[in-house]
Amino acid sequence: MNSSLKNRRILLIDDTPSIHQDFRKILLPDTSAESDLDAVEAVLFDAKVKASATPFELDSAYQGQEGLAKVCESLKANRPYALAFVDMRMPQGWDGVETIERLWQEDPLLQIVVCTAYSDYSWEEVLERLDGRDRLLILKKPFDNIEVCQLANTLTAKWDMTRLAALQMSELEQEVQQRTVEIRRTSAALQVEVVERKQLESQLLQAEKLASIGQLAAGVAHEINNPIGFVSTNFGVLEGNFAKLLEVLLAYEDVEQSMGSADVVAKLKSLRERVELDYLKADIPLLMRESKEGLTRVRQIVQDLRDFSRVDSAQELQWANLQQGIDSTLNIVASELKYKADVIKEYGELPDIECWPSQINQVFMNLVVNAAQAIGPERGKIIIRTGVDDDGENVWMEVADTGSGISAETLPCIFDPFFTTKPVGKGTGLGLSLSYGIVQKHGGNISVHSEVGVGSTFRVDLPIRQVALGE
Ligand SMILES: Nc1ncnc2c1ncn2[C@@H]1O[C@H](COP(=O)(O)OP(=O)(O)O)[C@@H](O)[C@H]1O
Ligand SMILES: [Mg+2]
């Protein structure tokens, strides 16, 4: 054990002065003679001077009160006693039991030997009153010198060990605490990382999914585009041809009556009735008109698919005002919004941005139309916000609605091509996937926050400058 940790300080509290002399003789033997001897021994045997055991320090008090004052003083000076010998019978002041009680109130670590020839209490009573059996020994008078000596040795050593154990324990506790803090910090950091990684993974997954669907869409669009092209052309020709045929047919009808044979006329009449010629004349143009509408729709879908897969980007990048685009697009869809929602504009100051303006307008149109469609029979609100990011590198626009909201199961699918929850004819499921493609192409980001029954907010972030593509 480190000698600086050794505490050999002893306090004797006894009202009999001769006892103090006895203790001094026992515990503080005349060291000068001994060390002379040691020196002689060292010379004779060429040995090192034997390191003598750390000597005791003995203080005296003749009353309980005085003893307590010494203990307090020693604590204040940070030089506590390891051990006190306390006389049981001290008629003038506190007796031993009271003195011990008070000493322990101030210094619970103090080891105590209670010395007595006889007591006013039974030992059971003493132990009952003093709640410190593990720090208390009893020394019955008359005592043997070696008893005192050994008590002093072992109890000061016990005090040292107790303190060392406490020190080590507190060091250990500190270390554990420190480690716990470290572990908590690491685990929190880890958790953040896990969440970030999950988000990144899902973004990546979404991007990859859309990229592969984009390629597929481009292929399909290309394949469909050709047949749709010639079907449309042929259809135009067919329409013209049919008109000509009809003209001829009408001419024939005109001359029918003047044709001689009543037999032929009757045959023609029955043929006309069988094929319901009058009905066909009215129905064929109708069928043709509907088919043409269908063709137009297919063409639009193919165009959307091509836009989504970014096959056509022949247009030039331009510096354009986002707000103007939003306003003119709002005009176009005004009739759709009029009966469904109030449009509230909360525009921030925006710089012009470098973009393909018609495509950005298309994104905005999709978002606004979706917002309107999400609003139920009751009139709702569509709030349009714009602003610039703190770093001044991006602008953003938000379309918020008070519509149905999007359920957690639906949310991961809304950017998929052809994903729609709307009835046939109302939704193609291409609006958002197209918008996603356009925003990606601009190096921007589209995100959504939605709560079922409350509404949805779509946000589009766009860089002001097209760093990679521009210039
Ligand atoms: N503002 C919105 N509120 C609620 N649902 C929405 C909103 N916008 C999009 N959605 C959901 O996302 C789906 C896909 O949207 P979109 O790609 O524009 O296709 P479409 O509008 O033709 O269905 C919609 O069918 C709808 O379920
Ligand atoms: Mg839509």
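See above for the structure.
Predicted, not measured: the structure shown is a model, and the values here were computed from it.

**A look at the site of ligand 1**
Looking at ligand 1, there are 20 residues lining it, with Asn370, Thr420, Thr421, Lys422 and Leu432 nearest. Measuring from an oxygen atom of ligand 1, one finds a side-chain N or O atom of threonine 421 at 2.5 Å. At 3.4 Å, a backbone N or O of glycine 431 approaches an oxygen atom of ligand 1. For ligand 1, whose unbound accessible area comes to 530 Å², protein coverage reaches 94%. When contributions to the shell around ligand 1 are tallied by element, the ones reaching two or more residues are helix H10 (357-374), helix H11 (431-441) and strand E12 (455-463). If one sorts the elements of the shell around ligand 1 by residue count, H10 sits on top with three residues. Among the residues forming the shell around ligand 1, the class breakdown is eight nonpolar, ten polar and two charged.

**Considering the sheet that holds strand E7 (residues 341-346)**
Pairing within the open sheet is mixed, and its five strands lie in the order E7-E9-E10-E12-E11. Among the strands making up the open sheet, the edge pair consists of E7 and strand E11 (445-451). Taking the axes of each pair of neighbouring strands and ignoring which way they run, one obtains an average angle of 15 degrees across the sheet. Relative to E12, E11 runs antiparallel, the two sharing seven bridges. Considered in E12, the bridge of glutamate 451 is made with glycine 455. In the packing of H10 onto the sheet, contacts are made with strand E9 (380-388), strand E10 (394-401), E11 and E12, and the angle to E10 comes to roughly 20 degrees.

**Considering the sheet that holds strand E4 (residues 111-116)**
Read across the sheet, five strands follow the order E2-E1-E3-E4-E5 without closing on themselves; strand pairing throughout is parallel. Either end of the sheet is taken by a strand with one partner, and the two such strands are strand E2 (57-61) and strand E5 (136-140). Pairs of neighbouring strands in the sheet enclose a mean axial angle of 20 degrees, with direction left out of account. As paired strands, E4 and E5 are joined by five bridges and run parallel to one another. From the neighbouring strand, valine 113 faces E5, where its bridge partner is leucine 137. Its contacts with the sheet put helix H1 (residues 17-27) on strand E1 (9-13), E2 and strand E3 (83-87), and the angle it makes with E2 is roughly 175 degrees. Strand contacts of helix H4 (residues 96-106): E1, E3, E4 and E5, with the helix running at about 155 degrees to E3, the strand carrying the most contacts.

**Describing the pairing of E4**
Across the six residues that make up E4, a large majority, six, are buried. In E4, alternate side chains face the same way, and those of Gln111, Val113 and Cys115 on one face and Ile112, Val114 and Thr116 on the other are all buried. Across five bridges, E3 lies against E4 in parallel orientation. Paired with leucine 83 across the strands is glutamine 111, a residue of E4. In the classification by handedness, the crossover that spans E3, the intervening H4 and the parallel E4 is right-handed.

**Some points on the side chain of threonine 386**
Topologically, threonine 386 is positioned in strand E9. Here the side chain of threonine 386 touches glycine 348 through a polar contact of 3.0 Å, landing on its backbone nitrogen. Sequence-distant contacts of threonine 386, that is, excluding residues within four places in its chain, are made with Gln323, Ile326, Glu346, Tyr347, Gly348, Leu350, Trp396 and Met397.

**Focus: the packing of H10 against H11**
It is the contact of H10 with H11, at a shortest axis distance of 9 Å, that shows an interaxial angle of 145 degrees. Read as a crossing pair, H10 and H11 show a hand that is left-handed. Every residue of H11 that contacts H10 at Gln359, Ile360, Gln362, Val363, Asn366, Leu367 and Asn370 is listed here: Gly431, Leu432, Leu434, Ser435, Ile438, Val439 and Lys441. Here the residues of the contact of H10 with H11 sort into seven nonpolar, six polar and one charged.

What counts, and where the lines are drawn
- Residues numbered from 1 in each chain as written.
- Chains lettered and ligands numbered in written order.
- Predicted model: local features only at pLDDT ≥ 70, side-chain atom pairs only at ≥ 80, totals over all residues.
- Heavy atoms only, no water.
- Near = heavy atom within 4 Å.
- Polar contact = N/O pair within 3.5 Å; in protein donor to acceptor, adjacent residues only side chain to side chain.
- Areas by Shrake-Rupley, 256 points an atom, 1.4 Å probe, with all protein chains shown as cover.
- Helix = DSSP H or I, 4+ residues; strand = E, 2+ residues; numbered from the N terminus.
- Nonpolar A, V, L, I, M, F, W, Y, C, P; charged D, E, K, R; others polar.
- Pairing = 2+ DSSP bridges.
- Axes fitted to C-alpha atoms, helices over the stretch in contact; angles between N-to-C directions.
- Contact = heavy atoms within 4.5 Å.
- Buried < 20%, exposed > 50% of the residue type's maximum accessible area, 1.4 Å probe, protein only.
- Right-handed = clockwise from strand over helix to strand, strands pointing away.
- Left-handed = near helix turned anticlockwise from the far one by under 90°.

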